[in-house]
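Chains, contacts and geometry: an overview
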Amino acid sequence: MSAEVHSRGSIRRRLMVQLLLGAAVLAIALFFIVQSLARQLAEESQDNILAAAVSAILDTTSVRDGEIQLDLPYSAFSMLSNISNDRVFYAVRFGDDFVTGYSDLPVVTKDDSFGPWFDTTTYQDDEVRIVTAQRRLASGETPLAVEVTLAQTRDGQRDQLMWISQSAAALGTGFFVSVAVLALLAARSSISPILRLTQSVSRRGPKDLRPVAAPVPHEMVPLVAALNSFMDRLKNSLTRSEEFIADAAHRVRTPLATVRTQAEITYRRVEKDENRASIREMIRAIDESSRAAGQMLDHAMVTFRTDHLEQQAIDLNALAAEMIDRLHPMAELREIELVLEQQGAASTIGDTILLQSALRNILDNAIKYSPADSVITLIVSQDAGMAHLTTSDRGIGLPIDDAERLKSRFARGANVEGVIGSGLGLTIADEVARAHGGYLTIANNSKGPGACVTLSFPLQ
Ligand SMILES: Nc1ncnc2c1ncn2[C@@H]1O[C@H](COP(=O)(O)OP(=O)(O)OP(=O)(O)O)[C@@H](O)[C@H]1O
Ligand SMILES: [Mg+2]
């Protein structure tokens, strides 16, 4: 009998979810950080090249006879085309005059610094990065500023950024997948000490209440300490109950036997019929109490032992022969013949004391509910993986309408008036059979009178 264990949540799942969530957040952050760094770097490098190009152009400017002289250097434009195939626009102004280039190219708003000045704007329907730089040239009396504006579209940069974004996304995904695999391994390894402990406890035999000695991780020490202390208390309490059962049996049965002997002696002494009748009643009541006490203690013993079932190989033929021998004197008193019929080898695994108790109870019934001078057969047989112990008597038979009810505690048939009993015999036999993975079948003989009761156990 094991109580249902309620489970809520899973440590492994919780660990996995937390690790995966952490990994997802980190992967997304990684993606955005890489993307923003790449954008910053690309913008800086474009600005540097634009600044270098504009200053190379400015370096070639000079004034001769009040006219601006300009030789657009090839290097300036090749520098710009190196990074991408973006389009380049330029405009040169001298003082207030437009000299060459794209006259409608906007000029970057200048602040107080020495420049160059940068801006991002739209030109000819394209986003452009634009730079303006100045140089003062002596022209006549007043120096005039030559101003060069260079603009470059950002398509190449956008393509580069797209590529970098895709790489960052792939990197983030790869990172996430690797962390997921690591998380799985980490969850499995952190749960493994719990699984090892579970296996070592569940592999134990029913009577093995030794403390867990194998080393466990630090965090599990309180749990294992509590388990060990629980097993220790359980062991003590089991020992106490075992002692109590034995002690109680002794204490109840012995005084009852003494009282019975005394009552019998008194019975023989008294002469008045009415006194003899009351003593007979008294003896009967003592017998009933004695039987009930004995059966209740047997039942308690069965309940106790089925909780900690022993696993011994039991030869059912030997067990049956021994039980027939034991009950022989009791059967003889009523001139009942006990016949053992062995139909081949039959053995099972279990607790000998329990099996003896179950068999004694069904044989006891057969004897009790049979007429004097009849025959009871005990058959040991086997079929389909089960071994059977069947008692067959020629007695009053079972009240078959409510046969199953007779297996419950204190249930007695209506057909047993006058026969001493407590209604626990079949309960004991049924509990023993079920504890061993078998069953108890009660029926009446198909041919002739009497009951046919079978204890079945799995074959070894
Ligand atoms: N072989 C049998 N023949 C006829 N009736 C039986 C037989 N075995 C059991 N019964 C019926 O089943 C009932 C329950 O049997 P069970 O052994 O549990 O109790 P009991 O024999 O009355 O008391 P005890 O606990 O002292 O054995 C009996 O009272 C009887 O009516
Ligand atoms: Mg009985």
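These notes cover the structure that comes with them. Just so you know, these numbers come straight off a predicted model, no measurement behind them.

Moving on, we come to the overall build of the protein chain. Summing up its helical and strand segments, the protein chain has eight helices and 14 strands in all. The C-alpha atoms of the protein chain give 51 Å as radius of gyration, which overshoots the globular expectation for 460 residues (23 Å, by more than 25%). Oriented by its inertia axes, the alpha-carbon framework of the protein chain measures out at about 170 × 45 × 35 Å. For the protein chain, the proportion of its 460 residues judged to be buried stands at 37%. When contacts within the protein chain are restricted to residue pairs at least 6 apart in sequence, long-range pairs at least 24 apart make up 65% of them. Looking at the protein chain as shown, the accessible area adds up to about 26900 Å², and 56% of this sits on carbon and sulfur atoms.

With that settled, consider the environment of Leu256. The topology assignment puts Leu256 in helix H4 (residues 221-269). Those residues in contact with Leu256, other than ones at most four positions away along the chain, are Ile286, Ser289 and Ser290.

Once that is clear, we can look at the packing of H4 against helix H5 (residues 273-307). One can describe the packing of H4 onto H5 by two numbers: an axis separation of 10 Å at closest approach and a directional angle of 165°. Between H4 and H5, the crossing angle belongs to the class labelled roughly antiparallel. In this structure, H4 crosses over H5, and the sense of that crossing is left-handed. Class assignment of the residues belonging to the contact of H4 with H5 gives a composition of 18 nonpolar, four polar and nine charged.

Another aspect to go through is the site of ligand 1. Every one of the 23 residues lining ligand 1 counts as a neighbour, but Arg291, Tyr369, Arg412, Leu424 and Leu426 are closest to it. Residue Gln295 places a side-chain N or O atom 2.9 Å away from an oxygen atom belonging to ligand 1. One of the backbone nitrogen or oxygen atoms of Gly425 is found 3.0 Å away from an oxygen atom of ligand 1. In the complex, 100% of the free accessible area of ligand 1, which totals 590 Å², lies under the protein chains. Listed by contribution, the elements that provide at least two residues to the shell around ligand 1 are H5, helix H7 (352-368) and helix H8 (425-435). The element that contributes the greatest number of residues to the shell around ligand 1 is H7, accounting for three residues.

With that settled, the discussion passes to the side chain of Thr390. As for its position among the elements, Thr390 is in strand E12 (residues 386-392). Here Thr454 takes part through its side chain, which lies 3.2 Å from a polar atom of the side chain of Thr390. The residues contacting Thr390, other than those within four sequence positions of it, are Thr377, Leu378, Ile379, Cys452, Val453 and Thr454.

The next subject is the pattern of salt bridges. Counted by the stated rule, this structure contains 18 salt bridges. Close ionic contact of Arg87 with Asp126 constitutes a salt bridge, the shortest N to O distance being 2.4 Å. Separated by 39 residues along the polypeptide, Arg87 in the loop between helix H2 (74-83) and strand E3 (88-94) and Asp126 in strand E6 (residues 126-139) bring together distant segments of the chain. When its relative accessible area of 39% is taken as the criterion, Arg87 is described as partly exposed. The class of Asp126 is buried, set by a relative accessible area of 16%. Its salt-bridge partner being Lys368, residue Asp364 comes within 3.8 Å of it at the nearest N-O pair. Remark: Lys368 and Asp364 occur in helix H7; sequence separation between them is four residues, near one turn of the helix. Asp364 sits in the buried class, given a relative accessible area of 9%. Connected via shared salt-bridge partners are Glu127, Asp155 and Arg158.

Within this structure, the stated rule accounts for six aromatic pairs. Each ring, one from Phe31 and one from Phe32, has its centre 5.1 Å from the other, and the planes form 75°; the classification is edge-to-face. Plain terms: the ring middles of Tyr102 and Tyr123 are 6.4 Å apart, the flat faces sit at 90° to each other, and that makes the pair edge-to-face. A residue pair is termed long-range when its members are at least 10 positions apart, and Tyr102 in the loop between strand E4 (97-101) and strand E5 (117-123) and Tyr123 in strand E5 qualify at 21 residues. Residue class for Tyr102 comes out partly exposed when judged on its relative accessible area of 31%. Through pairs of rings, three or more aromatic residues link up here, namely Phe77, Phe89, Tyr90, Tyr102 and Tyr123.

With that settled, the discussion passes to the pairing of E12. Within E12, seven of the seven residues are buried, which leaves the element mostly enclosed by the surrounding structure. Going residue by residue along E12, you find Met386, His388, Thr390 and Ser392 tucked away on one face and Ala387, Leu389 and Thr391 tucked away on the opposite face as well. Looking at chain direction, strand E11 (residues 375-383) and E12 are connected through seven bridges and run antiparallel. Paired with Ile379 across the strands is Thr390, a residue of E12. Count of turn residues in the E11/E12 antiparallel hairpin: two residues, of which Ala384 carries a positive phi of about 40°. Sheet analysis places E12 next to strand E14 (residues 451-458), joined by seven bridges and oriented antiparallel.

What follows concerns unusual backbone geometry. Trans is the prevailing form of peptide bonds, just as negative phi is the prevailing case for residues other than glycine. Along the chain, Gly115 connects to Pro116 via a cis peptide bond; the corresponding omega equals 0°. Position of Pro116 relative to the elements: it lies in the loop between E4 and E5. Phi at Asp373 is positive, roughly 65°, even though this residue is not glycine. Classification of Asp373 as exposed rests on a relative accessible area of 61%. Positioned with a positive phi, Ala384 is a non-glycine residue whose angle comes to about 40°.

Conventions and cut-offs
Residues numbered from 1 in each chain as written. Chains lettered and ligands numbered in written order. Predicted model: local features only at pLDDT ≥ 70, side-chain atom pairs only at ≥ 80, totals over all residues. Heavy atoms only, no water. Helix = DSSP H or I, 4+ residues; strand = E, 2+ residues; numbered from the N terminus. Rg over C-alpha atoms; globule rule 2.2 N^0.38 Å. Buried < 20%, exposed > 50% of the residue type's maximum accessible area, 1.4 Å probe, protein only. Contact = heavy atoms within 4.5 Å. Areas by Shrake-Rupley, 256 points an atom, 1.4 Å probe, with all protein chains shown as cover. Axes fitted to C-alpha atoms, helices over the stretch in contact; angles between N-to-C directions. Parallel < 35°, antiparallel > 145°, perpendicular 65-115°, else oblique. Left-handed = near helix turned anticlockwise from the far one by under 90°. Nonpolar A, V, L, I, M, F, W, Y, C, P; charged D, E, K, R; others polar. Near = heavy atom within 4 Å. Polar contact = N/O pair within 3.5 Å; in protein donor to acceptor, adjacent residues only side chain to side chain. Salt bridge = Lys/Arg side-chain N within 4 Å of Asp/Glu carboxyl O. Phe/Tyr/Trp six-rings, centres within 6.5 Å; stacked < 30°, edge-to-face > 60°. Pairing = 2+ DSSP bridges.

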